[in-house]
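# Chains, contacts and geometry: an overview
One letter stands for each residue in the lines below.
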Amino acid sequence: MNKNLDVLINDNEDIEVILLIEAIWHKYGYDFKGYSKAHIKRRIKRRMVLSGCNSILDMAKRVLDEREFFESLLSDFSINVTEMFRDPEFYKVFRREVVPILRTYPFLKIWHAGCATGEEVYSMAILLKEENLYDRSQIYATDFNTHVLEKAKEGIYSIEHIREYTQNYQRAGGAASFADYYIANYQSVIFDSSLKKKIIFADHNLVTDGVFGEMQVILCRNVLIYFERDLQGRVIKLFDNSLCSGGFICLGTKETIKYTDSSDKFEEFSDTQRIYRKKFIASKD
Amino acid sequence: MVYEAIVIGTSMGGMTALRELLKDIPQSFPAPILVVQHLSPLSDGYIVKYLDSRCNLQVKEVDEKEIASAGFVYIAPPNYHLLVGNGGSLLLSAEEKVNFARPSIDVLFETAADVYKDRLIGIVLTGANSDGSNGARYIKKKGGVLIVQNPHSAESSAMPHAAINNTYVDYILDINKIGIKLIELVGDDSWRRK
């Protein structure tokens with residue numbers, strides 16, 4: 001007997017998930033190995049039902065043979081559910097506690113990692129505008145899913161959620177009338193193009209791409225929850241390397257840097273929100 | 001059978017029902033209890049404090065990737081789905097609503113059944129919609145046990161009815177009988193036999 005018991009998995013479906021992820025990695029170069037298996041499995045099974053495939057192995061075969069099928073699965077893996085001023089309390093605290101510090105910088109670089117269809121990017125743009133910081137800001141909004149980036153660039157959203165967004169905006173401490181920021185057109189709203197002036201939308205994959213600038217603020221909300229701890233740690237390290245001393249990381253309400261190797265480089269900045277500030281470290285030379 | 005986890009889903013009227021159910025469970029209860037109670041996305045976590053001060057087990061909101069352990073009742077946070085991963089790792093997701101709900105009972109039930117299979121007990125309590133009925137069927141498909149609150153005595157009967165109409169139910173019980181049934185099924189003895 002020469003079995004390595006550590007590698008045994010007793011659920012065949014779990015093994016099929018691993019094979020599918022490997023197929024994607026080798027064929028298309030997208031790496032989902034660090035994603036949480038239960039999340040990925042759920043997304044895969046959802047696509048399986050929609051596509052009429054009988055098993056995850058069948059899907060792996062189709063992923064290899066059909067680029068379009070792969071693309072649809074890719075969209076499933078990047079969770080694109082978002083809203084304007086999602087978690088209004090976060091924006092309120094950001095406005096009250098982070099903005100005064102941001103005022104001390106002559107120029108601001110803000111990275112919104114995993115921006116999906118862009119609703120939260122425009123929310124931040126509005127907030128910065130109202131605080132008179134927008135003109136000295138550069139926002140980088142990135143996602144690995146190029147489809148959603150195109151949507152984000154357009155800044156056109158369905159009108160059906162606008163009431164909810166307006167409430168969020170008001171709860172977030174909005175200082176003006178939310179309707180001033182968009183034009184309603186039949187079933188859509190188009191956000192004011194001046195909000196886009198300082199936003200660069202770009203394709204960036206947190207798993208495989210690196211640092212591209214020194215930021216004052218990084219927003220990455222409800223992305224890390226889909227990653228295993230190892231990958232969470234790698235991404236927080238990437239953020240650490242992308243932040244100036246005293247810079248901020250803003251995570252989702254249920255995310256934390258507590259279990260990563262970089263945690264001692266940050267202090268908890270807010271009692272109620274997951275906002276972390278990179279410590280100032282005296283130069284060693 | 002050694003039951004390794006209990007999953008509970010409820011909506012309207014759930015707070016009172018959960019209190020009634022949990023008050024009978026001793027601190028030594030050998031399986032973790034995972035709960036989806038439909039909540040407003042802006043809810044402030046009152047339910048956790050409310051239940052924690054009224055039952056023997058420790059009640060807490062789920063932190064992502066913590067491992068489900070005996071002695072705890074885990075409540076899904078508002079606006080996140082609760083999923084169970086391998087090894088009882090508790091996962092959160094902000095993906096789209098299921099049955100107009102986030103957290104959704106189906107999501108918890110289905111992922112828990114995948115992990116715990118026939119070592120899972122699912123409970124559907126009072127609620128005014130049908131979330132949970134597909135998850136209940138999936139629990140049965142995987143060999144788990146299903147308990148549903150008696151719709152005639154539930155504050156809101158739609159959710160128990162939906163589960164009963166969708167699958168085979170092992171026990172249909174009034175709320176004050178469910179805790180005792182759980183102890184009977186899971187009790188300390190099964191723990192020692194493990």
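This section reports on the structure supplied with the text.

Reading the values: the criteria
- Residues numbered from 1 in each chain as written.
- Chains lettered and ligands numbered in written order.
- Predicted model: local features only at pLDDT ≥ 70, side-chain atom pairs only at ≥ 80, totals over all residues.
- Heavy atoms only, no water.
- Helix = DSSP H or I, 4+ residues; strand = E, 2+ residues; numbered from the N terminus.
- Rg over C-alpha atoms; globule rule 2.2 N^0.38 Å.
- Buried < 20%, exposed > 50% of the residue type's maximum accessible area, 1.4 Å probe, protein only.
- Areas by Shrake-Rupley, 256 points an atom, 1.4 Å probe, with all protein chains shown as cover.
- Lys, Arg positive; Asp, Glu negative; His and termini not counted.
- Charge placed at Lys NZ, Arg CZ, Asp CG, Glu CD.
- Contact = heavy atoms within 4.5 Å.
- Buried area = accessible area lost by both parts, 1.4 Å probe.
- Salt bridge = Lys/Arg side-chain N within 4 Å of Asp/Glu carboxyl O.
- Disulfide = S-S within 2.5 Å.
- Patch = residues over 30% accessible without salt bridge, like charges linked within 9 Å, V, L, I, M, F, W, Y side chains within 5 Å.
- Pairing = 2+ DSSP bridges.
- Axes fitted to C-alpha atoms, helices over the stretch in contact; angles between N-to-C directions.
- Core = buried A, V, L, I, M, F, W, Y, C linked by side-chain atoms within 4.5 Å.
- Domains from an automatic or database assignment.
- Right-handed = clockwise from strand over helix to strand, strands pointing away.

### Some thoughts on the overall build of chain B
A tally of helices and strands in chain B yields seven helices and nine strands. Rg of the C-alpha trace for chain B: 15 Å, near the compact-globule value of 16 Å for 194 residues, within the 12% margin. For chain B, the spread of C-alpha atoms along the three principal axes comes to 40 × 35 × 30 Å. Classification of the 194 residues of chain B by burial places 61% in the buried group. A total of about 7,400 Å² of accessible surface is found on chain B, and carbon and sulfur atoms cover 49% of it. Across chain B, the mean location of the 19 positive side-chain charges is 3 Å away from that of the 22 negative side-chain charges.

### Structural notes on helix α4 (residues 67-77) of chain A
Three or four residues apart is the spacing at which side chains of an α-helix point the same way, because the helix has 3.6 residues per turn. Those residues of α4 of chain A that sit buried are F69, F70, S72, L73, L74, D76 and F77 of chain A. For α4 of chain A, the elements touching its buried residues are α1 (12-28), α2 (37-51) and α3 (56-65) of chain A.

### Describing the interface of chain A and chain B
Contacts between the two partners involve 28 residues from chain A, matched on the other side by 26 residues from chain B. Taken together, the two surfaces of chain A and chain B that pack against each other cover about 2,100 Å², and 45% of this comes from carbon and sulfur. Summed over the three residues of chain A that lose the most area to chain B, namely H39, R42 and K254 of chain A, the buried surface amounts to 32% of that side. Where chain A touches chain B, the interface holds ten salt bridges. For the salt bridge of R43 of chain A with E95 of chain B, the shortest nitrogen-to-oxygen distance reads 2.4 Å.

### A closer look at the state of the cysteines
Residue and element names in this part refer to chain A. For the coordinates displayed, the defined rule picks out zero disulfides over all chains. No disulfide involves C115; its sulfur sits 11 Å from that of C220, the nearest cysteine. Owing to a relative accessible area of 3%, C115 belongs among the buried residues under this scheme. In this structure C220 is a free cysteine whose sulfur lies 10 Å from that of C250, the closest cysteine sulfur available. On the basis of relative accessibility, which here comes to 0%, the residue C220 falls in the buried class.

### A closer look at a nonpolar patch on the surface
Residue and element names in this part refer to chain A. A surface patch of nonpolar side chains, amounting to about 370 Å² of accessible area, comprises I9, I15, I18, L19 and L57. With three residues, α1 is the single largest residue contributor to the nonpolar patch. When you line up the elements, I15 lands in helix α1.

### Quick word on the sheet that holds strand β8 (residues 145-149) of chain B
Residue and element names in this part refer to chain B. Reading across the sheet, the seven strands line up as β3-β4-β2-β1-β7-β8-β9 and stay open at both edges, with parallel pairing between neighbours. Unpaired on one side and paired on the other, β3 (58-61) and β9 (171-173) mark the two borders of the sheet. The sheet shows a mean angle of 20 degrees between the axes of neighbouring strands, taken without regard to direction. Pairing of strand β7 (residues 120-124) with β8 involves four bridges; the strand directions are parallel. Of the residues in β8, the one forming a bridge with G122 is L146.

### What to know about the sheet that holds strand β5 (residues 188-191) of chain A
All names here are of chain A. Spatially, three strands are ordered β3-β5-β4 in an open sheet, and the strand pairing comes out antiparallel. In this open sheet, the two strands that pair with only one neighbour each are β3 (156-158) and β4 (182-185). On average, each strand axis in the sheet is tilted by 30 degrees relative to the strand beside it, whichever way the strands run.

### Considering the side chain of S133 of chain B
Residues and elements named next belong to chain B. Within the element layout of this structure, S133 appears in helix α4 (residues 133-141). Assessed through its relative accessible area of 10%, S133 is described here as buried. Excluding its chain neighbours within four sequence positions, the residues that come into contact with S133 are D106, A162, A163 and N166.

### Description of the nonpolar core
In this structure, I24, F32, W111, L206 and F239 of chain A together with L34 of chain B are the most contacted members of the largest nonpolar core, which totals 78 residues. Looking at this core, the element that brings in the most residues is helix α3 (residues 105-116) of chain B, giving seven residues. Residue-level mapping places this core at the junction of two domains, with at least three residues from each of domain 1 (5-77) and domain 2 (88-278) of chain A. Apart from residues no more than four positions distant in its own chain, L34 of chain B is found in contact with I6, V7, I8, A68, Y74, L82, V84, L90 and L108 of chain B. Formed by 46 residues, the second largest nonpolar core is a distinct cluster that contains V99, L102, L219 and C250 of chain A.

### Here's the deal with the pairing of strand β1 (residues 5-10) of chain B
Residues and elements named next belong to chain B. For β1, a buried count of six out of six residues is recorded, marking the element as mostly surrounded by other parts of the structure. Side-chain alternation along β1 places A5, V7 and G9 on one buried face and I6, I8 and T10 on a second face that is also buried. Pairing analysis gives five bridges linking β1 to β7, with the strands arranged parallel. Looking across to β7, one finds that A5 is bridged to L120. Here β1 pairs with strand β2 (residues 33-37) via five bridges, running parallel. Along β2, the bridge assignment pairs T10 with Q37. Of the crossover connections in this fold, the one passing from β1 over helix α1 (residues 14-22) to the parallel β2 is right-handed.

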